[in-house]
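# Structure assessment
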Amino acid sequence: MAEMWIRGNFFQQALDYVKRKRGQQGLDIIRVIPEKYLPEQTYSFEEFCELLTKITKLMGHGDLSDFSKLAADMVRTDERWRLMFKGGDPKEIFSSTKRQSDRYQVGDFKTKKAENGKVVLFMELWAGKKEHQDIWAEFYKGRLEGVLELTGRTGTVEVKKKKKGYEYTILW
């Protein structure tokens, strides 16, 4: 199994979400200091999943959809992503997973279908813990939803658990 990692900017964005929604008190409750994470440094996938769990327990409703909501917000509020995807063609954007490789390494991603109005992606995670797989699957769904919104298109992202991974159907 390959080493799984997430860039520090993901940690910072997640903690920024907490600060925007709950202020310094929220950060104090989850006991994490944003400056601990350097944007270009890599950190363990497990550590990121544990951080997401703390955040959603503090701010969520207790179900997996909380991870999607957090991820979509992280995408929508990141100026770099806004500039990159504004007005873009979802078919072109979702047909490539190359942008991901310098931000995180968590599994194998493949485009199964790409046509006007629909892209189907398959993700097989390297994570051993089922809980972490489910967290990332929902988190990734939220990232896709956020990117779709930034393109200016209205649509949906559905995720289905498969035997060895997750399948995402993006419709617009």
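The present account deals with the structure reproduced in this document. (Residues numbered from 1 in each chain as written. Predicted model: local features only at pLDDT ≥ 70, side-chain atom pairs only at ≥ 80, totals over all residues. Heavy atoms only, no water.)

Next up on the list: the packing of aromatic side chains. Using the criterion set out here, one finds 16 aromatic pairs in the structure. Seen from their ring centres, F11 and Y37 are 4.2 Å apart, and the 15° between their planes marks the pair as stacked. With F11 in helix α1 (residues 8–30) and Y37 in the loop between α1 and β2 (42–44), the pair connects residues that are 26 residues apart, well separated along the chain. Here F11 falls in the buried class, since its relative accessible area comes to 0%. On the basis of an interplanar angle of 80° and a centroid distance of 5.3 Å, the ring pair of F48 and F139 is categorised as edge-to-face. Here the residue F48 occupies a position in helix α2 (residues 45–59), and F139 occupies one in helix α6 (residues 130–150), the gap between them amounting to 91 residues. Taken together, F10, F11, Y37, Y43, F45, F48, Y104, F109, W136, F139, Y140 and Y168 form an aromatic cluster joined through their ring pairs. Over the ring of W81 we find R143, and its NZ or CZ is 5.1 Å from the ring centre. Taking the ring centre of Y166 as reference, the NZ or CZ of K161 above it sits at 4.7 Å. (Phe/Tyr/Trp six-rings, centres within 6.5 Å; stacked < 30°, edge-to-face > 60°. Helix = DSSP H or I, 4+ residues; strand = E, 2+ residues; numbered from the N terminus. Buried < 20%, exposed > 50% of the residue type's maximum accessible area, 1.4 Å probe, protein only. Lys NZ or Arg CZ within 6 Å of the ring centre and 35° of its normal.)

The next subject is empty space enclosed by the protein. Summed over all chains, the structure comprises one cavity of 30 Å³ or more. Reported here for the largest cavity is a volume of approximately 170 Å³. Residue lining of the largest cavity: 14 residues in total, with R99, Q100, Y140, L144 and V147 positioned closest to the centre. Among the elements of the structure, α4 (79–85), α5 (90–94) and α6 are those that each provide at least two residues to the lining of the largest cavity. When residues in the lining of the largest cavity are grouped by element, the largest group, four residues, is from α6. (1 Å grid on protein atoms, 1.4 Å probe; cavity = no way out; pocket = protein on both sides within 12 Å on 5 of 7 lines; lining within 4 Å. Points joined across faces, edges and corners; volume = space filled by probe spheres on them.)

This brings us to the pattern of salt bridges. Using the criterion set out here, one finds eleven salt bridges in the structure. A salt bridge links K141 to E145; the nearest nitrogen and oxygen atoms lie 2.7 Å apart. You can see K141 and its partner E145 sitting in helix α6, four residues apart, about one turn around the helix. Using a relative accessible area of 26% as the deciding quantity, one classes E145 as partly exposed. Several salt bridges converge on common partners, so that one network encompasses D16, R20 and D73. (Salt bridge = Lys/Arg side-chain N within 4 Å of Asp/Glu carboxyl O.)

With twelve residues, helix α3 (residues 65–76) extends 17 Å between its outermost C-alpha atoms, agreeing within 8% with the 16 Å of an ideal straight helix rising 1.5 Å per residue. The buried count for α3 comes to nine of twelve residues, which makes it a mostly enclosed element. What α3 keeps buried is the set D66, F67, S68, L70, A71, A72, D73, M74 and V75. Buried positions along α3 lie against α1, α2, α4 and α6. (Expected span 1.5 Å × (residues − 1). Contact = heavy atoms within 4.5 Å.)

Position of N9 among the secondary structure elements: in helix α1. Once residues within four sequence positions are removed from consideration, N9 is found in contact with L38, P39 and R80.

We now examine the pairing of strand β6 (residues 156–162). Judged from the seven bridges that link them, β6 and strand β7 (residues 165–171) form a sheet pairing that is antiparallel. When the sheet's bridge partners are listed, E158 is paired in β7 with T169. If you look at the hairpin formed by β6 and β7, you'll find two residues sitting between the two strands. (Pairing = 2+ DSSP bridges.)

Mapped onto the elements, E138 comes out in helix α6. At 4.8 Å, K141 is the nearest oppositely charged side chain to E138, a buried residue that forms no salt bridge. Excluding residues that lie within four positions of it along the chain, E138 makes contacts with L64, S65, F67, S68 and V159. (Lys, Arg positive; Asp, Glu negative; His and termini not counted.)

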